[in-house]
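Results of the structural survey
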Amino acid sequence: MIQEAINFVDSGISAVQTLIYVDVIQPLLFHFNFMGYDDDIYDALYFVLIGVLQIGVSYALLRPLEALRPVEKWQDRRQVRADVIYTWIAKLGILNLLFFVVLQPVFNELQSQMVIHGLPSIDLDGLYPGVTDLPLASFLIYLVVLDFAGYWYHRWQHRFGVWWELHAVHHSQQQMSLWSDDRNHFLDDVLQAAFFAGIALFIGVQPAQYVVLVAVSNFLQSVQHVNARLPYGRVLERLIVSPTFHRRHHAIGYGHEGTRYGCNFGVLFPWWDMVFRTASWERAVEPTGIRDQLPAPEGRSRRYGMGVIAQQVRAFGRIARRLAPRRAAGRTTA
């Protein structure tokens, strides 16, 4: 039934894709003499429409909850504006699919070399024929495997100083909302896209499956950041990451200062935090952000930028200042 629903949505999007391409895009390509790119642009249009659909569904379902059951009430929502821009950039999905397409020939060559040299390949679909190769079963397997990788990717973002300065763009938001998930440094987005596309190809995920996996993951992460009271209960919050669980990760003094390098790193499932003892089930509502954003004496009143460009540029400035003492120490030693 799930596969039928996916096929129905896919057919609808494909019909809209063809309509827009024929009536709008193709005439423009012909007029500006860009018809050599028609196939690539036609394919990209599909993923753009997927992104628009994601944003529409997320806004329609989550924005009313934020208005009716807010965790925090804000007089000024200007901090959220940049997150809306990030969301439109990220949800179009071009970056993820670009890496998937670029890496596909590389992994095809690697798989060929593995066959030539008699090395076993990874095919998660074929673990238990008749079970794991069913569409729903394979989808869930891929989702769990990629989420496990996502847990460690997230921990590494907090573990390494230079990487943290990129990830700090995400954590510097002090007004969490349904838009906050995609607030990331673009360089970190590039690294993340390459990381997950590479793993997905290595374990045998097909491009069509990957699109759905990304879409489901994106929606669930938007739910995690929502500024709404959504009680999951003791059982459900241990099966899937809840807004309360994830807000603890963003809380000043807890999420990235507590359990050594933080707590509640789970992307979709809290299981990995439970297994590796980084879970915190505290439900108290705490201020979100980074400690050095606070005024003295608690912090240093550091500014992370209000707009997208400022946030991107300031991250490189923080990285430069972090690396400067090392370069100075190296010159002194020499």
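Residues numbered from 1 in each chain as written. Predicted model: local features only at pLDDT ≥ 70, side-chain atom pairs only at ≥ 80, totals over all residues. Heavy atoms only, no water.

**Topic: the environment of D147**
Mapped onto the secondary structure, D147 falls in helix α5 (residues 135-159). Separated by 125 residues in sequence, D147 and W272 have C-alpha atoms that sit 8.9 Å apart. Among residues more than four places away in sequence, those in contact with D147 are V267, L268, F269 and W272. (Helix = DSSP H or I, 4+ residues; strand = E, 2+ residues; numbered from the N terminus. Contact = heavy atoms within 4.5 Å.)

**Quick look at empty space enclosed by the protein**
Applying the stated criterion across every chain yields a total of 4 cavities of 30 Å³ or more. Approximately 50 Å³ is the volume attributed to the second largest cavity. If you trace the second largest cavity, you find it lined by Q54, I55, S58, T87, K91, L178, W179, D182 and S222. Listing elements by their share of the lining of the second largest cavity, those giving two or more residues are α2 (38-68) and α3 (78-91). (1 Å grid on protein atoms, 1.4 Å probe; cavity = no way out; pocket = protein on both sides within 12 Å on 5 of 7 lines; lining within 4 Å. Points joined across faces, edges and corners; volume = space filled by probe spheres on them.)

**Side note on the pattern of salt bridges**
Pairing between side chains of opposite charge can happen when their charged atoms approach one another. Under the defined criterion, the tally for this structure stands at 11 salt bridges. Linking D292 and R300 is a salt bridge whose minimum nitrogen-to-oxygen distance equals 3.5 Å. One salt-bridge network, in which partners are shared between bridges, spans E165, R318 and R322. (Salt bridge = Lys/Arg side-chain N within 4 Å of Asp/Glu carboxyl O.)

**Things to note about the side chain of S242**
Examined against the element boundaries, S242 turns out to sit in the loop between α9 (233-236) and α10 (243-250). Engagement of the side chain of S242 in a polar contact is seen with the backbone nitrogen of F245, the distance being 3.1 Å. Ignoring sequence-local partners within four residues, the contact set of S242 consists of Y232 and E237. (Polar contact = N/O pair within 3.5 Å; in protein donor to acceptor, adjacent residues only side chain to side chain.)

**Examining the environment of Q26**
With respect to the helices and strands, the residue Q26 is situated in helix α1 (residues 2-31). Contacts of Q26, omitting those with residues within four sequence positions, involve Y21 and M35.

**Brief notes about the UniProt feature "transmembrane region" (unreviewed entry) in the protein**
Summarizing the sequence annotation, UniProt attributes the feature "transmembrane region" (unreviewed entry) to residues 44-62, 83-103 and 134-153 in the numbering used throughout. From the first C-alpha to the last, residues 44-62 spans 27 Å; its make-up is 100% helix and 0% strand. (UniProt positions renumbered as here; feature names shortened; annotations may be inferred.)

**Remarks on the packing of α5 against helix α6 (residues 161-171)**
As a packed pair, α5 and α6 sit with axes 6 Å apart at the nearest point and diverge in direction by 105 degrees. Classified by the angle their axes make, α5 and α6 are roughly perpendicular. In this structure, α5 contributes Y153, H154, W156, Q157, H158 and R159 to the contact, and α6 contributes G161, W163, W164, H167 and H171. Considering only residue class, the contact of α5 with α6 consists of 4 nonpolar, 6 polar and 1 charged. (Axes fitted to C-alpha atoms, helices over the stretch in contact; angles between N-to-C directions. Parallel < 35°, antiparallel > 145°, perpendicular 65-115°, else oblique. Nonpolar A, V, L, I, M, F, W, Y, C, P; charged D, E, K, R; others polar.)

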